Amino acid sequence: QVQLVESGGGLVQPGGSLRLSCAASGRISGLYNMGWYRQAPGKQRELVATITTGGSTNYADSVKGRFTISRDGAKNTVYLQMNSLKPEDTAVYSCNAWRVPYLYWGQGTQVTVSS
């Protein structure tokens, strides 16, 4: 069983930066692939970025060049560094951890980009 807790969300002006954290209760390093997803009001949840156990990363086209996903095995934490934020990045951001057949989700953290 893995429990995930996100933090770092908040209100930021367009062009600003935030770093989200996803802390896991159990060991995830080398065991679980991790991902960040987001859901804006009235829209479906969408993939933002993923990172595999081997460190390979994948990004949605809308965030490439602006967001960076990383993981710290010693801290059992995955990060999402978000730069050059836009109003359309406003959403609830959630992290997940998966390896067949397991999938775990955090509760999410709100990110609002507005002037």
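Heads up: the structure comes first, above all this text.
Read on for an overview of the structure. (Residues numbered from 1 in each chain as written. Predicted model: local features only at pLDDT ≥ 70, side-chain atom pairs only at ≥ 80, totals over all residues. Heavy atoms only, no water.)

1. Digging into the sheet that holds strand β3 (residues 18-24)
With respect to topology, four strands assemble into an open sheet ordered β1-β3-β8-β7, the strand pairing being antiparallel. The outermost strands of the open sheet, each flanked by one partner alone, are β1 (4-7) and β7 (67-72). The mean inter-strand angle of the sheet, taken between neighbouring strand axes irrespective of direction, is 15°. Sheet topology note: the β7/strand β8 (residues 77-82) ladder contains six bridges and is antiparallel. (Pairing = 2+ DSSP bridges. Helix = DSSP H or I, 4+ residues; strand = E, 2+ residues; numbered from the N terminus. Axes fitted to C-alpha atoms, helices over the stretch in contact; angles between N-to-C directions.)

2. Things to note about the pattern of salt bridges
A complete count under the given rule lists four salt bridges for this structure. Of the charged contacts, one joins Asp 61 and Lys 64 as a salt bridge, the two residues approaching to 3.2 Å between their closest N and O atoms. For Asp 61, a relative accessible area of 65% translates into the label exposed. Of the charged contacts, one joins Arg 66 and Asp 89 as a salt bridge, the two residues approaching to 2.8 Å between their closest N and O atoms. One end of the pair, Arg 66, is in the loop between β6 (57-59) and β7; the other, Asp 89, is in the loop between β8 and β9 (91-99), and 23 residues separate them in sequence. (Salt bridge = Lys/Arg side-chain N within 4 Å of Asp/Glu carboxyl O. Buried < 20%, exposed > 50% of the residue type's maximum accessible area, 1.4 Å probe, protein only.)

3. Brief notes about the side chain of Asn 76
Locating Asn 76 in the fold gives a position in the loop between β7 and β8. Asn 76 gets classed as buried once you look at its relative accessible area, which sits at 17%. Each residue touching Asn 76, except ones within four places of it in the same chain, is listed here: Cys 22, Ala 23, Ala 24, Gly 26, Arg 27, Ile 28 and Ser 29. (Contact = heavy atoms within 4.5 Å.)

4. So, the packing of aromatic side chains
Counted according to the given criterion, the structure contains three aromatic pairs. Judged by centre distance (6.0 Å) and plane angle (65°), the rings of Tyr 32 and Tyr 104 are edge-to-face. Of this pair, Tyr 32 sits in the loop between β3 and β4 (33-39) while Tyr 104 sits in strand β10 (residues 102-105); the two residues are 72 residues apart in sequence, bridging distant segments of the chain. Centroid distance Tyr 37 to Trp 105: 5.2 Å. Interplanar angle 65°. Geometry classified as edge-to-face. Remark: Trp 105 occurs in strand β10 and Tyr 37 occurs in strand β4; sequence separation between them is 68 residues. With a relative accessible area of 31%, Trp 105 lands in the partly exposed category. Chaining the aromatic ring pairs together yields one cluster made of Tyr 32, Tyr 102 and Tyr 104. Looking at Arg 45, its charged tip hangs above the ring of Trp 105, at a distance of 3.8 Å from the centre. Positioned above the aromatic ring of Tyr 32, the side-chain terminus of Arg 99 is 5.0 Å from the ring centre. (Phe/Tyr/Trp six-rings, centres within 6.5 Å; stacked < 30°, edge-to-face > 60°. Lys NZ or Arg CZ within 6 Å of the ring centre and 35° of its normal.)

Honestly, it's all geometry; don't read function into it.
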